[in-house]
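Remarks on the overall topology
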Amino acid sequence: ANCLARYWPCYVMLTGCSVTPLLVFIIVPAILGVSFGIRRIYMKTLLKIFEWATLRMERGAKERNQQLYKPCSNGIIAKEPVSLEQEIQEPRGGGGEFDMSDILYFCRRGVESIVDDEVTKRFTAEELESWNLLTRSNYNLHHISARLTVLWGLGVLIRYGFLLPLRVTLAVTGVGLLVVLTSIVGWLPNSRMKKYLSEKVNLMCYRICVRALTAIITYHDSDNKPKNGGICVANHTSPIDVLILASDGCYSMVGQAHGGLMGFIQKTLVKACPHIWFERSEVKDRHLVAKRLSDHVADKTKLPILIFPEGTCINNTSVMMFKKGSFEIDCTIYPVAIKYDPRFGNAFWNSSKFRMVTYLLHMMSSWAVVCSVWYLPPMKREEGEDAVQFANRVKSAIARKGGLVDLLWDGGLKRSKVKEVFKEEQQKLYSKVLVSRQEDPEHS
Amino acid sequence: MGSRGSTLSKIPNVDKLMQETGFSQAHIIRLHDRFRALDNDEKGYLCPQDFEAIKELAMNPIGDRIIGAFFAQGPQQETVDFNSFVKVLAHFRPTDKNRPKESTSPDPINSRTNKLKFAFQLYDQDKDGKISRDELLQVLRAMLEMQVTEEQLESITDRTIQESDTDRDNAISFEEFRKSLDKVNIEHKMSIRFLR
């Protein structure tokens, strides 16, 4: 402690000297919108290290004759793809329509869903095949050799001692600049210059924030980028999605008006650029929401709106049901698919497990956030298609492009109960089988 | 998430559990992961609400009866610990065809008889050893609800009892149940293929 007190100016200077050139290397390219390619080299190196680490673990496990716990991405059980009709048509005792053994089908399906169901596993983070030197995603810690432990320890030092402070500084700089510069731009009278400046300022600050997470993003098909007077829809995995999209294009954001620091940022942003912030009371009024969105897209000078129709964060292995609200508005939809590379760190925000701050800290102490963004060609609602069908069409396109599973389930199921209508579907199917038996008794 | 390597140490009596249920070590670890995923509040045990939260189960017509099967140990059982969870699931392990028949050792949990007993208890909710006409009617109602009329339900119930009830006591005992399912491939229908 004595040491610290006497030499603290030295420490500050040392930190300053080492951090400043780094900041320059990072902030200047962000302002100019160029990249040195350092991050890609970093990414390739990391991948090689991860492979080496996994091989070592496997070797270590083999030497000790133990089995490595490999998370099986195919699930724990093999579900028979037999339908209700097929199963129940098999020969059974008795000749009537109903048989005591009919219950066995539902029984087995019920227990199968207890062991492994499609929905619950979408809301927990995806399991990895190789180890990325983060203890939070390792299942075989007791297989680590001495060399691996050293590597891991080094990793911790680098991540928490060097990367984290650097990133936090960058993030603070980015957000600070955003607030200050948008306020300045906000004072200007409405003109083309103001628009131009606002775009530049926003892009620059979001790019700094993206570097604050060491996000390595690959944009595909940029000629399909959303244009004014349209709505951009994307699948949702984490709050970072906004940063990823906003650092490559300018959007009007939609969201609830918060209080505190978030609210302050929201109010500042809106001075320079027309975002759509709803009060909590207004959110319930669907007509009001629809009207504000329609008015916005009708004005061709305003930026495209960015919406995440799933309504909640999903773990990036699937796309869940899109809420139809944004698809009822008459305008062009620009779908975007975002897929994170899970090898580098888990980007999924499990809002029931972690608070936003904890989540951001996890993100900033990971190695990197690597993702791909695909801009899909614009889609419009066709004749005779209702909002729900249109929403499903867009959802399938996004799922296909991003390599995600297209699920019919509602993301809101994370928090609410299943509707009775699903149970009725099952009952209808069963009754149809009984009726067909009645009509064709020889068939059984 | 977290260090799963120490999962085995967290599960008490793993070897005994493996012996009783026939699950391999890898299966037990996977089931423990699933147990923890279902246990939302990290209580260390499961309660009916945790099961009800499984969407696919909620849409199953007999979902609540299946949940009841996990809480069938005692009269007012409200929690399921990991061992009980695994033991119930062990009913659905495929039968081991090459097991030598020893009359001294008890039936394994996944024997045909025990599978049948599991199915029987889905019908016999009051646990009196018989499926009464009323209980049968309730199951039919659960599986068909709005799709048929009450009269149709009653007639199906009566017909089923007539076919299976050999001792004419207007209820189906376990033996009558077993007999009526004699030709059914229980081993196949009540088995879940666990990977690895």
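As the structure is a computational prediction, the values presented were derived from the model and not from experiment.

Looking at the UniProt feature "domain: EF-hand" (unreviewed entry) in chain B
All names here are of chain B. As annotated in UniProt, the feature "domain: EF-hand" (unreviewed entry) corresponds to residues 111–146 and 152–187 in the numbering used here. Helix and strand shares over residues 111–146 are 67% and 8% respectively, and the end C-alpha atoms of the span are 36 Å apart. The straight-line gap between the two end C-alpha atoms of residues 152–187 is 31 Å; of that span, 61% is helix and 8% is strand.

What to know about empty space enclosed by the protein
All names here are of chain A. For the coordinates displayed, the defined rule picks out three cavities of 30 Å³ or more. For the second largest cavity, the calculated volume is near 50 Å³. Lining the second largest cavity are Asn-202, Tyr-206, Ala-246, Gly-249, Cys-250, Tyr-251, Met-253, Cys-273, His-275 and Leu-303.

Structural notes on the UniProt feature "transmembrane region" (unreviewed entry) in chain A
Within the UniProt annotation, "transmembrane region" (unreviewed entry) is assigned to residues 12–38, 144–162 and 168–188 of chain A. Secondary structure within residues 168–188 of chain A divides into 95% helix and 0% strand; the distance between the first and last C-alpha atoms comes to 31 Å.

Brief notes about the packing of aromatic side chains
The way to describe two aromatic rings as a pair is by their centre distance and the angle between their planes. What the rule picks out here adds up to 14 aromatic pairs over all chains. Arranged with centres 5.8 Å apart and planes meeting at 80 degrees, the rings of Phe51(B) and Phe71(B) form a pair that is edge-to-face. In this pair, Phe51(B) sits in helix 4 (residues 48–52) while Phe71(B) sits in the loop between helix 6 (63–70) and helix 7 (82–89), placing the two residues 20 residues apart along the sequence. For Phe71(B), a relative accessible area of 9% gives the class buried. The residue whose ring lies beneath Arg292(A) is Phe278(A), and the NZ or CZ to ring-centre distance is 4.7 Å.

Quick look at the nonpolar core
Judged by nonpolar contacts, the single largest core of 66 residues is most densely connected at Ile114(A), Phe51(B), Phe70(B), Phe82(B), Phe85(B), Tyr123(B) and Phe177(B). Ranked by residues supplied to this core, first place goes to helix 4 (residues 102–115) of chain A with eight residues. In this view, Phe51(B) contacts Ile114(A), Leu46(B), Leu57(B), Ile67(B), Phe70(B), Phe71(B), Val80(B) and Phe85(B); residues no more than four positions away in its chain are not counted. In terms of nonpolar packing, the next biggest core, distinct from the first, is built from 51 residues, Leu170(A), Ala234(A), Ala272(A) and Met364(A) among them.

A word on the sheet that holds strand 2 (residues 215–220) of chain A
All names here are of chain A. Pairing is mixed in the open sheet, where seven strands are placed in the order 2-9-8-3-6-4-5. With one partner strand each, in any of the chains shown, strand 2 and strand 5 (276–278) form the two edges of the open sheet. Direction aside, the axes of adjacent strands within the sheet are offset by 25 degrees on average. In terms of strand pairing, strand 3 (residues 230–234) meets strand 8 (residues 332–340) through five bridges, oriented parallel. Note on strand 8: the bridge partner recorded for Cys-232 is Tyr-334.

Points about the packing of helix 4 of chain A against helix 8 (residues 112–123) of chain B
Here helix 4 of chain A crosses helix 8 of chain B at 100 degrees, and the two axes come no closer than 11 Å. Classified by the angle their axes make, helix 4 of chain A and helix 8 of chain B are roughly perpendicular. Residues Ile103(A), Leu104(A) and Cys107(A) of helix 4 of chain A pack against Phe118(B), Ala119(B), Leu122(B) and Tyr123(B) of helix 8 of chain B. Broken down by class, the residue content of the contact of helix 4 of chain A with helix 8 of chain B amounts to seven nonpolar, no polar and no charged.

Brief notes about the side chain of Asp50(B)
Residues and elements named next belong to chain B. Of note, Asp-50 is situated in helix 4. Assessed through its relative accessible area of 5%, Asp-50 is described here as buried. Look past the residues within four positions of Asp-50 in its chain and what remains in contact with it is Leu-38, Asp-39, Asn-40, Lys-43 and Tyr-45.

Description of helix 5 (residues 146–187) of chain A
Between its first and last C-alpha, helix 5 of chain A extends 60 Å over 42 residues, near the 62 Å set by a 1.5 Å rise per residue. Bending of helix 5 of chain A peaks at approximately 35 degrees at the position of Leu163(A), with proline Pro165(A) no more than four residues after it.

Some words on the pairing of strand 8 of chain A
All names here are of chain A. Among the nine residues of strand 8, eight are classified as buried, and the element is accordingly described as predominantly covered. Pairing of strand 8 with strand 9 (residues 369–375), which is carried by five bridges, proceeds in the antiparallel orientation. Residue Ile-338 lies in a different strand from strand 9, and its bridge partner there is Val-373.

Observations regarding the pattern of salt bridges
Under the definition given, this model contains 18 salt bridges over all chains. Its salt-bridge partner being Arg393(A), residue Glu382(A) comes within 3.7 Å of it at the nearest N-O pair. Taken together, the residues span a long stretch of sequence, with Glu382(A) in the loop between strand 9 and helix 12 (387–402) and Arg393(A) in helix 12 at a distance of eleven residues. For Arg393(A), a relative accessible area of 25% translates into the label partly exposed. Among the salt bridges present, the one from Arg112(B) reaches Glu187(B), with a minimum N-O distance of 3.4 Å. With a gap of 75 residues between them, Arg112(B) in helix 8 and Glu187(B) in helix 12 (residues 186–189) connect regions that are remote in the sequence. With relative accessibility at 24%, the residue Arg112(B) sits in the partly exposed group. Residues joined in a network through salt bridges with shared partners are Arg108(A), Arg109(A) and Glu112(A).

So, how was this worked out
- Residues numbered from 1 in each chain as written.
- Chains lettered and ligands numbered in written order.
- Predicted model: local features only at pLDDT ≥ 70, side-chain atom pairs only at ≥ 80, totals over all residues.
- Heavy atoms only, no water.
- UniProt positions renumbered as here; feature names shortened; annotations may be inferred.
- Helix = DSSP H or I, 4+ residues; strand = E, 2+ residues; numbered from the N terminus.
- 1 Å grid on protein atoms, 1.4 Å probe; cavity = no way out; pocket = protein on both sides within 12 Å on 5 of 7 lines; lining within 4 Å.
- Points joined across faces, edges and corners; volume = space filled by probe spheres on them.
- Phe/Tyr/Trp six-rings, centres within 6.5 Å; stacked < 30°, edge-to-face > 60°.
- Buried < 20%, exposed > 50% of the residue type's maximum accessible area, 1.4 Å probe, protein only.
- Lys NZ or Arg CZ within 6 Å of the ring centre and 35° of its normal.
- Core = buried A, V, L, I, M, F, W, Y, C linked by side-chain atoms within 4.5 Å.
- Contact = heavy atoms within 4.5 Å.
- Pairing = 2+ DSSP bridges.
- Axes fitted to C-alpha atoms, helices over the stretch in contact; angles between N-to-C directions.
- Parallel < 35°, antiparallel > 145°, perpendicular 65-115°, else oblique.
- Nonpolar A, V, L, I, M, F, W, Y, C, P; charged D, E, K, R; others polar.
- Expected span 1.5 Å × (residues − 1).
- Bend = angle between axes of the 7 residues up to and from the residue.
- Salt bridge = Lys/Arg side-chain N within 4 Å of Asp/Glu carboxyl O.

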